[in-house]
Amino acid sequence: MISLSMHVFVPRPLKPRFFHLVREAGFKAVEIWAMTPHVEIEEEGKLAEAVKWAREAGLKTPSLHLPFYRRWGAPDFRFLGLGDPQRDFAKLASDLILRVLDKCPDLGVPVAVLHGMGYAPGDEDYLRDLYARDLEPVVERAEKLGVTLAVENIMSDLSKSAEIAALVDKVKSPNLKACLDTGHANVNENVKDAVDNLGSLIAATHLQDNHGTTDEHLIPGQGTIDWQYAAKAIKACGDPLLTVEINGPDSGREFDEKSFAMHLKKAYDSAVNYFG
């Protein structure tokens with residue numbers, strides 16, 4: 001089953017029609033992008049509404065992306081994450097993450113993607129310790145809820161695949177796994193090393209392409225990743241969630257449904273070509 005991250009519709013507020021476009025393109029599932037203003041996660045019932053719209057469109061919701069920012073485009077916009085040396089922002093990140101994580105069981109969402117360590121340069125041992133301390137209550141909550149946390153490799157030296165593998169090994173929780181983002185790996189290390197380092201820890205994926213220099217979120221096959229190799233290697237790791245995570249076709253311009261429909265169909269056909 002190939003899923004699509006609703007990241008493709010960001011930064012727009014989510015609408016029911018978006019899910020129907022995804023289903024009409026061929027996808028059978030979506031990863032909910034649980035961040036404002038796309039989904040108003042701080043308003044009671046809005047996350048459940050998003051899941052309801054997905055299922056009404058005939059889509060499964062095997063995963064969601066936990067918050068790593070608040071209010072995209074607002075004057076006070078800032079990325080948020082566990083391990084932030086500015087502890088008030090780390091506390092805000094933790095509060096938002098736990099708020100969303102707590103809803104996963106009732107929503108029937110078994111996997112939650114969590115950004116890895118994003119703060120560098122600095123005292124790396126200190127930053128690792130901060131992240132591990134912030135992560136501990138999140139892992140404990142995931143264990144109680146029966147939700148799998150998949151830590152994503154992001155474009156930070158502290159979030160390369162080897163760092164995530166070491167973190168998972170240190171924590172030793174059956175609920176802590178990895179999310180392989182192919183585009184991030186292509187910029188920050190390379191896809192082969194990332195797959196080799198993470199192996200069976202990979203519970204989820206973000207399948208996206210680029211040209212090796214910046215995070216473009218292109219349709220697989222439009223950049224420099226060797227997808228014949230990547231698909232074979234990823235499938236050999238077990239049965240991870242396969243989620244396409246791409247940018248929209250419009251770069252923030254006024255929404256054009258026809259353009260989106262064509263873009264989503266290209267993305268689906270590409271994913272099927274490589275992953276079957």
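Thresholds, definitions, all that
- Residues numbered from 1 in each chain as written.
- Predicted model: local features only at pLDDT ≥ 70, side-chain atom pairs only at ≥ 80, totals over all residues.
- Heavy atoms only, no water.
- Helix = DSSP H or I, 4+ residues; strand = E, 2+ residues; numbered from the N terminus.
- Buried < 20%, exposed > 50% of the residue type's maximum accessible area, 1.4 Å probe, protein only.
- Contact = heavy atoms within 4.5 Å.
- Expected span 1.5 Å × (residues − 1).
- Pairing = 2+ DSSP bridges.
- Axes fitted to C-alpha atoms, helices over the stretch in contact; angles between N-to-C directions.
- Right-handed = clockwise from strand over helix to strand, strands pointing away.
- Parallel < 35°, antiparallel > 145°, perpendicular 65-115°, else oblique.
- Left-handed = near helix turned anticlockwise from the far one by under 90°.
- Nonpolar A, V, L, I, M, F, W, Y, C, P; charged D, E, K, R; others polar.
- Core = buried A, V, L, I, M, F, W, Y, C linked by side-chain atoms within 4.5 Å.
- Lys, Arg positive; Asp, Glu negative; His and termini not counted.
- Salt bridge = Lys/Arg side-chain N within 4 Å of Asp/Glu carboxyl O.
- Polar contact = N/O pair within 3.5 Å; in protein donor to acceptor, adjacent residues only side chain to side chain.

Enquirer: Looking at this structure, how should I read the environment of Cys 179?
Expert: You can see Cys 179 is positioned in strand 8 (residues 176–181). Here Cys 179 falls in the buried class, since its relative accessible area comes to 0%. For Cys 179 and Leu 101, which are 78 residues apart along the polypeptide, the C-alpha to C-alpha distance reads 16 Å. Residues within four places of Cys 179 in sequence aside, it is in contact with Val 113, Ala 150, Val 151, Glu 152, Asn 153, Ala 204, Thr 205 and His 206.

Enquirer: Even after reading the chapter, I still don't get helix 3 (residues 87–101), so can you show me in this structure?
Expert: Side chains of residues three or four places apart in an α-helix project in the same direction, reflecting 3.6 residues per turn. Between the first and last C-alpha of helix 3 there are 20 Å, a value that for 15 residues agrees with the 21 Å anticipated at 1.5 Å per step. Looking only at helix 3, the buried set comprises Ala 90, Ala 93, Ser 94, Leu 96, Ile 97, Leu 98, Val 100 and Leu 101.

Enquirer: What is the right way to look at the sheet that holds strand 7 (residues 148–152) in this model?
Expert: The strands making up a sheet are joined through hydrogen bonds of the backbone, oriented either antiparallel or parallel. The strand order across the open sheet formed by 8 strands is 9-8-7-6-3-2-1-10, and the pairing between neighbours is parallel. A single partner strand is all that each edge strand has here, and the edge strands are strand 9 (202–206) and strand 10 (242–244). Across the sheet, the mean angle from the axis of one strand to that of its neighbour is 30°, orientation sign disregarded. In terms of strand pairing, strand 6 (residues 111–115) meets strand 7 through 5 bridges, oriented parallel. Looking at the pairing, Leu 114 lines up with Val 151 of strand 7. The strands that helix 6 (residues 161–171) touches are strand 7 and strand 8; relative to strand 8, the one it contacts most, it runs at about 170°.

Enquirer: Looking at this structure, how should I read the pairing of strand 3 (residues 60–65)?
Expert: Each regular strand displays side chains that alternate between the two surfaces of the sheet. Of all 6 residues in strand 3, 5 are buried, a share of seventy percent or more. Across 4 bridges, the pairing between strand 2 (residues 29–33) and strand 3 is parallel. Looking at strand 3, one finds that Trp 33 is bridged to His 65. A crossover connection joins strand 2 to the parallel strand 3 through helix 2 (residues 46–56); in handedness this β-α-β unit is right-handed. For strand 3 and strand 6, the ladder comprises 3 bridges, and the chain directions are parallel. Along strand 6, the bridge assignment pairs Ser 63 with Val 111.

Enquirer: Looking at this structure, how should I read the packing of helix 5 (residues 124–145) against helix 6?
Expert: Helices that pack against each other are described as a pair by the angle of their axes relative to one another and the distance between those axes. Remark: helix 5 packs on helix 6, axes separated minimally by 12 Å, with the N-to-C direction vectors making an angle of 55°. For the element pair helix 5 / helix 6, the angle class is oblique. Like other packed secondary-structure pairs, helix 5 and helix 6 cross with a definite hand, here right-handed. Residues Arg 128, Tyr 131, Leu 135 and Val 139 of helix 5 lie in contact with helix 6, whose contacting residues are Glu 163, Leu 167 and Val 171. Taken together, the residues of the contact of helix 5 with helix 6 sort by class into 5 nonpolar, no polar and 2 charged.

Enquirer: Honestly, the nonpolar core in this entry has me stumped. Any pointers?
Expert: Inside soluble globular proteins, nonpolar side chains tend to come together where they are buried. With 88 residues, the main nonpolar core has Phe 19 and Leu 101 as its most contacted residues. The element contributing the most residues to this core is helix 10 (residues 257–275), with 7 residues. The residues touching Leu 101, leaving out its near neighbours within four places in the chain, are Leu 66, Ala 112, Val 138, Arg 141, Ala 142, Leu 145, Val 147 and Leu 149.

Enquirer: Even after reading the chapter, I still don't get the side chain of Glu 152, so can you show me in this structure?
Expert: Structurally, Glu 152 can be placed in strand 7. Buried charge without a partner: Glu 152 forms no salt bridge, and the closest opposite charge is Lys 160, 16 Å away. Ignoring anything within four residues of it in the chain, the contact list for Glu 152 reads His 65, Val 113, Leu 114, His 115, Gly 116, Ser 159, Ile 164, Cys 179, Asp 181, His 184 and His 206.

Enquirer: Even after reading the chapter, I still don't get the environment of Ser 161, so can you show me in this structure?
Expert: Topologically, Ser 161 is positioned in helix 6. A relative accessible area of 0% places Ser 161 in the buried class. Through-space distance from the C-alpha of Ser 161 to that of Gly 199 is 9.8 Å; in sequence the pair is 38 residues apart. Of note is the side chain of Ser 161, whose polar atom sits 2.9 Å from the side chain of Asn 197.

Enquirer: How do you make sense of the pattern of salt bridges when you look at a structure like this?
Expert: Pairing between side chains of opposite charge can happen when their charged atoms approach one another. A full pass over the atoms with the stated rule returns 19 salt bridges. Residue Arg 87 is joined to Asp 134 by a salt bridge in which the shortest nitrogen-to-oxygen separation is 2.6 Å. Of this pair, Arg 87 sits in helix 3 while Asp 134 sits in helix 5, and the two are 47 residues apart along the sequence. Of the residues examined, Asp 134 reaches a relative accessible area of 12% and is grouped as buried. For Lys 172, the salt bridge goes to Asp 169, with nearest N and O atoms at 3.7 Å. Through salt bridges with shared partners, a single network forms among Glu 124, Asp 125, Arg 128 and Glu 163.

In short, the description is geometric, and any link to function would need to be established separately.
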